[in-house]
Amino acid sequence: MQTILLYIVLLLLATAFLFPLLWMIVSSFKNEAQIFADLRSFKAFVPTSFSLENYHQVFARIPFLHYVWTSVLYVTLIMLFGLLVNALAAYAFARMKFKGRDVLFAIVVALIIVPFESILLPLYIVVDEFGWLNSYTGLIVPFIANAFNIFMFRQFFLNLPRELEESARIDGASTLRIFFQIVVPVSKPVFTTVGILTFITHWGDFMWPLIMTTDDRVRPLQVGMQFFFHQPPVQYGQVMAALTMATLPLLIVFIFFQRYIIQGIAQSGMKN
Amino acid sequence: MKQKKKRTGRSRFMRSLPGYVFSAPALILLFVFLLLPALMALYYSFTNYYLLLPDQTKFIGTENYVRLLEDKLFLRSLGNTFLFVGLVVPLQAITALMLALLVNQKLRGIRWFRAAFIAPVMTSMVVVSILWTFIYNPTNGLANAVLDIVGLGPFEYLTSPTQAMPSIVLMSVWQGAGYQMMIFLAGLQDIPEHLYEAASIDGASTWQKFLHITLPGLRNVIVFVALITLIAATKLFIQPFVMTQGGPLDATKTLVYMVYEEGFKFRDVGYSSAIAIVFFVIVLVISIVQRKLVKETQES
């Protein structure tokens with residue numbers, strides 16, 4: 001009895017959480033008149049008609065696939081370079097002795113607090129000085145190093161047994177080789193966590209690409225969609241088609257990697 | 001003697017070298033793209049730097065900060081930010097905790113329910129904001145259509161100065177609750193099962209177990225979740241930017257919105273920087289409170 005009640009509550013809540021997304025997907029296949037006609041009944045959530053016209057229109061009106069490509073490319077590069085650079089620094093802070101190490105690490109930890117929003121304008125000026133406005137470089141380079149990720153990596157490396165590296169050192173392996181051939185392989189969990197978190201964060205980036213890019217050539221998906229949304233004539237169905245295409249692939253990836261993503265987010269939360 | 005000293009000096013540097021090499025890329029990037037801009041923001045906030053007239057930049061002391069105190073729009077934005085924070089933090093945390101308790105049961109298909117609550121988190125804030133602008137449309141929106149069926153409404157949502165912020169709050173809770181649910185879930189799974197078993201033997205009710213085992217066991221997690229939400233909430237920008245452009249009648253202007261507007265629309269770098277610094281100080285205070293609270297809970 002209690003189980004049935006629980007299922008009813010869960011089902012109601014799940015419906016509440018899913019109905020906006022369901023409406024979005026279903027509406028993307030309807031024409032404008034149909035969307036509004038279905039609004040006042042449960043038909044709003046039922047595919048009463050099926051047409052790909054909205055999707056055709058999206059591709060005709062904006063370079064949608066290019067936006068997706070831009071986003072995938074720059075977010076992946078931030079993630080890959082970030083994993084390398086931050087893990088190397090964290091390894092130095094965890095395992096190497098060098099002058100000024102503790103002071104430098106204290107500064108890195110202090111920098112975790114600085115919110116991006118408070119440095120927006122000076123960062124824009126710096127990137128402009130480098131001549132990187134409207135470029136992939138300007139989208140990627142400022143976000144490779146990440147103080148919090150260095151902190152996460154260091155926590156993990158500190159907990160690795162030292163014997164792991166010592167036997168390799170006796171065998172005469174170089175530090176770089178020890179890092180890549182011994183430390184990295186046993187650190188897959190932390191690399192996965194940091195990688196996923198980096199990807200999710202930057203996939204949702206909006207403010208920086210909004211002010212930094214003025215050209216469709218380097219404009220990522222989020223910014224491109226916002227411009228499409230405000231570009232007359234606003235057609236519900238077409239915008240819904242664009243939103244669906246921007247969301248469905250991520251939702252599908254999420255369903256497959258659910259366990260890792262949940263673990264990753266939970267871990268980053270617990271570590272603090 | 002001299003030579004010897006030089007040699008040990010060099011060899012000490014040589015021993016330090018790998019550490020420098022490994023950490024240099026990250027440190028240089030952090031310096032150029034985080035520390036330097038932060039210092040620049042602080043400096044600009046004491047100048048009249050105007051993006052189109054960089055040559056006329058002068059040090060003007062605390063003038064920008066004095067101007068802030070008299071700027072009705074700034075005070076409004078500050079108030080709006082606090083209003084959003086005050087509403088969204090408790091609402092979202094309580095929703096997330098309820099969801100976490102619900103999905104922390106061993107039930108068939110529970111994975112799918114979890115996925116349903118996390119689905120909005122996987123949807124970017126821009127997508128969510130655009131979608132909900134349609135949902136909130138007073139005449140052609142889903143929200144009023146659904147409420148009409150149960151005889152409620154119609155509401156004006158984003159077009160009413162009193163309803164706009166609560167509407168953004170509701171949407172933000174819907175989008176973000178799943179994220180905190182995941183953190184609560186991990187916290188719940190860390191509470192030892194035997195505590196509940198012992199309580200059951202003693203005849204404790206579900207409510208008593210929640211009050212005396214679950215809540216104390218989650219204390220650190222609750223503090224953590226509340227504070228990350230607090231910090232995230234003070235950064236409110238995308239929702240008002242996409243949905244209301246700060247309107248109606250500045251009802252959804254926020255601190256970060258003003259940083260953006262003063263800086264990039266009006267090109268007043270000095271003034272925008274002063275707002276950015278005020279924003280930073282607020283985040284800093286929250287972070288210091290967080291550290292204190294976490295320390296206290298760890299010690300007790």
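Identification of chain B as Fructooligosaccharide transport system permease protein from Aneurinibacillus migulanus is taken from an unreviewed UniProt entry. The record held by UniProt for chain B lists under Subcellular location (unreviewed entry) the comment "Cell membrane". Reading the Sequence similarities (unreviewed entry) entry of the UniProt record for chain B gives the comment "Belongs to the binding-protein-dependent transport system permease family."

Describing the interface of chain A and chain B
With 93 residues of chain A at the interface, the matching set in chain B holds 93 residues. Together, the buried faces of chain A and chain B total about 8200 Å²; carbon and sulfur atoms form 82% of this surface. For the pair chain A and chain B, the interface holds one salt bridge. The salt bridge involving Asp148 of chain B is made with Arg40 of chain A; its shortest N-O contact spans 3.1 Å. Seen at the junction of chain A and chain B, the total is 10 residue pairs in polar contact (both at pLDDT 80 or more). Per-element tally for the side of chain A that touches chain B: the top contributor is helix α14 (residues 236-270) of chain A, with 18 residues. Residues belonging to the side of chain A that touches chain B are distributed by class as follows: 75 nonpolar, 14 polar and four charged.

Observations regarding the environment of Ile282 of chain B
Within the secondary structure, Ile282 of chain B is located in helix α13 (residues 269-299). Its relative accessible area of 17% is what places Ile282 of chain B among the buried residues.

Things to note about unusual backbone geometry
Each neighbour pair has its own omega, and for Pro232 of chain A with Pro233 of chain A the value is -5°, a cis peptide bond. Note that Pro233 of chain A resides in the loop between α13 (221-229) and α14. Going from Gly247 of chain B to Pro248 of chain B, the amide bond is cis rather than trans, its omega being -15°. Position of Pro248 of chain B relative to the elements: it lies in the loop between α11 (238-243) and α12 (255-265). Positioned with a positive phi, Arg267 of chain B is a non-glycine residue whose angle comes to about 60°. One can find Arg267 of chain B in the loop between α12 and α13. You can call Arg267 of chain B partly exposed: its relative accessible area is 33%.

Let's talk about the nonpolar core
Residues Trp23, Phe157 and Trp208 of chain A together with Phe237 of chain B are the most contacted members of the largest nonpolar core, which totals 195 residues. Per-element tally for this core: the top contributor is helix α4 (residues 64-95) of chain A, with 16 residues. Mapped onto the domain boundaries, this core takes at least three residues apiece from domain 1 (12-45) and domain 2 (71-299) of chain B.

Conventions adopted
- Residues numbered from 1 in each chain as written.
- Chains lettered and ligands numbered in written order.
- Predicted model: local features only at pLDDT ≥ 70, side-chain atom pairs only at ≥ 80, totals over all residues.
- Heavy atoms only, no water.
- UniProt positions renumbered as here; feature names shortened; annotations may be inferred.
- Contact = heavy atoms within 4.5 Å.
- Buried area = accessible area lost by both parts, 1.4 Å probe.
- Salt bridge = Lys/Arg side-chain N within 4 Å of Asp/Glu carboxyl O.
- Polar contact = N/O pair within 3.5 Å; in protein donor to acceptor, adjacent residues only side chain to side chain.
- Helix = DSSP H or I, 4+ residues; strand = E, 2+ residues; numbered from the N terminus.
- Nonpolar A, V, L, I, M, F, W, Y, C, P; charged D, E, K, R; others polar.
- Buried < 20%, exposed > 50% of the residue type's maximum accessible area, 1.4 Å probe, protein only.
- Core = buried A, V, L, I, M, F, W, Y, C linked by side-chain atoms within 4.5 Å.
- Domains from an automatic or database assignment.

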